[in-house]
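The primary structure of each chain is shown beneath.
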Amino acid sequence: MFPSQFDYHRAASVAEAVELLSSLPDAKLVAGGHSLIPAMKLRAAQPAALVDIGRIPGLADVSADGDSLVVGALATHAAVADSAAVRSGCPMLAETAAAIGDIQVRNRGTIGGSLAHADPGADYPAAMLALGAEITAVGAGGERTIAASDFFVDILTTALADNEVITSVRVPCVAGGAYLKHRHPASSYAVVGVAACVGMDGGNVGSCAIGINGVTGKAVLAGAAAAALCGGPASADRIAAAAGRVGDAFDEPLGDLYASGEFRAHLAGVYTRRALAVAAERAG
Amino acid sequence: MRHRVCLTVNGKAEEFDVEPRLLLCHLLRAYVGLTGTNIGCDTSQCGSCTVLMDGKAVKSCTVLAVQADGCEVTTIEGLAGADGLHPVQQSFWDNHGLQCGFCTPGMIMTAVEILDRNPGATDAEVRHGLEGNICRCTGYENIVKSIVAAGARGS
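Since this is a predicted model, take the numbers as computed values, not measurements.

Draft legend 1. Expanded view of the domain arrangement of chain A. Residue and element names in this part refer to chain A. Domain annotation of chain A identifies domain 1 (7–50), domain 2 (62–172) and domain 3 (177–283). If you look at the interface, domain 1 gives 10 residues, while domain 2 gives 15 residues. In total, domain 1 and domain 2 occlude about 940 Å² of area from one another, counting both sides; carbon and sulfur atoms represent 74% of this. Counting every contact that joins domain 1 to domain 2 gives 0 salt bridges. Applying the counting criterion to the domain 1 and domain 2 interface returns 1 residue pair in polar contact (both at pLDDT 80 or more). For the side of domain 1 that touches domain 2, the element with the most residues is helix α1 (residues 14–23), which contributes 5 residues. Across the side of domain 1 that touches domain 2, the residue classes tally to 6 nonpolar, 4 polar and no charged.

Draft legend 2. Spotlight on the domain arrangement of chain B. All names here are of chain B. Annotation of chain B at the domain level lists domain 1 (3–75) and domain 2 (87–154). Here the C-alpha centroids of domain 1 and domain 2 sit 21 Å apart. Between domain 1 and domain 2, the residue contacts involve 17 residues of the former and 12 residues of the latter. Taken together, the links from domain 1 to domain 2 amount to 0 salt bridges. For the pair domain 1 and domain 2, the interface holds 6 residue pairs in polar contact (both at pLDDT 80 or more). If you list the elements that add at least two residues to the side of domain 1 that touches domain 2, you get β3 (50–53) and β4 (56–59). By residue class, the composition of the side of domain 1 that touches domain 2 is 5 nonpolar, 10 polar and 2 charged.

Draft legend 3. Helix α1 (residues 24–31) of chain B, seen in detail. All names here are of chain B. Regarding α1, the residues found buried are Leu24, Cys25, Leu27 and Leu28. Down the axis of α1, the smallest arc covering the buried residues is 165°, so these residues share one side. Lining the buried residues of α1 we find β1 (3–9), β2 (12–18), β3 and β5 (72–74). One or two steps after α1, the chain reaches Gly33, where phi turns positive at roughly 85°.

Draft legend 4. Broad picture of the nonpolar core. With 42 residues, the main nonpolar core has A:Leu93, A:Leu115, A:Tyr124 and A:Met128 as its most contacted residues. Broken down by element, the residue count for this core peaks at 7 residues, all from helix α8 (residues 124–131) of chain A. Within the second largest apolar cluster, 33 residues are counted, among which are A:Leu36, B:Cys61, B:Ala65 and B:Val66.

Draft legend 5. View of the side chain of B:Thr110. Mapped onto the elements, B:Thr110 comes out in helix α3 (residues 104–117). Residue classification places B:Thr110 among the buried residues on the basis of a relative accessible area of 0%. Engagement of the side chain of B:Thr110 in a polar contact is seen with the side chain of A:Gln104, the distance being 3.0 Å. Not counting the four nearest positions on each side in its chain, B:Thr110 is found in contact with A:Ile103, A:Gln104, B:Thr50, B:Ala57, B:Gly129, B:Leu130 and B:Asn133.

Draft legend 6. Looking closely at the pairing of strand β6 (residues 134–139) of chain A. All names here are of chain A. Across the 6 residues of β6, 5 count as buried, placing the element largely inside the fold. Relative to strand β7 (residues 142–147), β6 runs antiparallel, the two sharing 6 bridges. Residue pairing for β7: Ala137 is matched across the bridge by Arg144. As judged from the 5 bridges shared by β6 and strand β10 (residues 165–172), these two strands associate in the antiparallel manner. In the sheet register, Val138 faces β10, and the bridge partner there is Val165.

Draft legend 7. Expanded view of the interface of chain B and chain A. The interface of chain B with chain A comprises 35 residues on the first partner and 33 residues on the second. Carbon and sulfur atoms supply 53% of the area that chain B and chain A bury against each other, a total of about 2800 Å² over both sides. For the chain B face of the interface with chain A, the top three residues by lost area are B:Arg21, B:Gln67 and B:Glu131, together amounting to 24%. For the pair chain B and chain A, the number of links is 5 salt bridges. For A:Lys41, the salt bridge identified is with B:Asp42, shortest N-O distance 2.8 Å. The interface formed by chain B and chain A includes 19 residue pairs in polar contact (both at pLDDT 80 or more). Going through the elements one at a time, β3, β4 and α3 of chain B are the ones with two or more residues in the side of chain B that touches chain A. In terms of residue class, the side of chain B that touches chain A is made up of 13 nonpolar, 13 polar and 9 charged.

Draft legend 8. Representation of the packing of aromatic side chains in the model. Tallied over the full model, the rule gives 2 aromatic pairs over all chains. For the ring pair A:Phe151 and A:Phe152, a centre distance of 5.1 Å and an interplane angle of 85° mean the geometry is edge-to-face. Comparing A:Phe151 with A:Phe152, the two get one shared label, buried. Geometrically, the ring pair formed by B:Phe16 and B:Tyr31 is edge-to-face, given 5.6 Å between the ring centres and 90° between the ring planes. Taken together, the positions of B:Phe16 in strand β2 and B:Tyr31 in helix α1 put the pair 15 residues apart, joining distant regions of the chain. The exposure class of B:Phe16 is buried, given its relative accessible area of 13%. The exposure class assigned to B:Tyr31 is partly exposed, which follows from its relative accessible area of 36%.

Rules used throughout
- Residues numbered from 1 in each chain as written.
- Chains lettered and ligands numbered in written order.
- Predicted model: local features only at pLDDT ≥ 70, side-chain atom pairs only at ≥ 80, totals over all residues.
- Heavy atoms only, no water.
- Domains from an automatic or database assignment.
- Contact = heavy atoms within 4.5 Å.
- Buried area = accessible area lost by both parts, 1.4 Å probe.
- Salt bridge = Lys/Arg side-chain N within 4 Å of Asp/Glu carboxyl O.
- Polar contact = N/O pair within 3.5 Å; in protein donor to acceptor, adjacent residues only side chain to side chain.
- Helix = DSSP H or I, 4+ residues; strand = E, 2+ residues; numbered from the N terminus.
- Nonpolar A, V, L, I, M, F, W, Y, C, P; charged D, E, K, R; others polar.
- Buried < 20%, exposed > 50% of the residue type's maximum accessible area, 1.4 Å probe, protein only.
- Arc of directions from axis to C-beta.
- Core = buried A, V, L, I, M, F, W, Y, C linked by side-chain atoms within 4.5 Å.
- Pairing = 2+ DSSP bridges.
- Phe/Tyr/Trp six-rings, centres within 6.5 Å; stacked < 30°, edge-to-face > 60°.

This is the structure:
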């Protein structure tokens, strides 16, 4: 298999990438290409041109900034998973990156690419929602910051304009986080993935956020389940009761040959319970 | 529109004019003439097309040749040195780490990265590292044994 014909442009800067995206009809960005190239080989995507941002300097940096981490859009999943700053500052983010695909995929795929593609089975979106990440993008009108909760619009659809380029992602350092997934055995996409963040306030859960991907067309926050856990101890019973509320977050669970919508919704409850238990333990 | 691609394959500088849609696996097989890199699933899942690009294992069916411009690529043909097989290749030989052999080049290239990152990789760590490589003969037992043994011998 190989893609249909397209023109190829390598951008030297974000400004040049925005200019190329704005001027070329039907152009798509490529970085690691691990979402786009498979789609192009299947001819599910047939862009007239690719704008390669993979070599723009400085966009792959991962650094700590106060109580946050700033992850460059071109940071590969392997780089995020291996980053000492991420592993110590936000273990759940490193855990999410390490759960993506396989070694070869993690060596090429980038955080910006994964977010912009917004595959329902991608791993990062749940983590971005649970962490309350901010996504910075540059377009013809300049730079703007998009909250993760506003970023994912629908299946394979984000709030990005056609000529906007993600440049970085900012996530808060959260100790009490965990990401667990039910992995598709061949593709390694998440059949269901749950990112849970728990903050303790004395002996009680003071804050909680739960992001879930794989069940519906876009990753969602399970607000009712998270609220149910707050205000009391992170006991096994209260965690199980909270996890029982995740169904409120799903309008229309997606099914396919591998897993029905009903099964995915069931798995979401199971993995929420497990992720909350790990997150609460890490929160101390 | 064709593009000039200059890359180093197994230590030798190569230059080709290619269509942007040419995949790295096809460049290696059809242009460079190195057919050890196999194409299995062609959907980024099976890992039989794995090569090292600037030292990192990648699935060459999911890399455009133009993206490999300026890179150093190592294929299964480039692993053995003048003094014989690469230690991972030798270990696959010693432990009979293959059945039909189709997945073997990809398994070995991924194994090189697994051991590069973690020379003392355990059985479980090797199995986790091989997530992106599928053996259709299901001959994983001896593949894992070969990689663990190569790590133990090297470290």
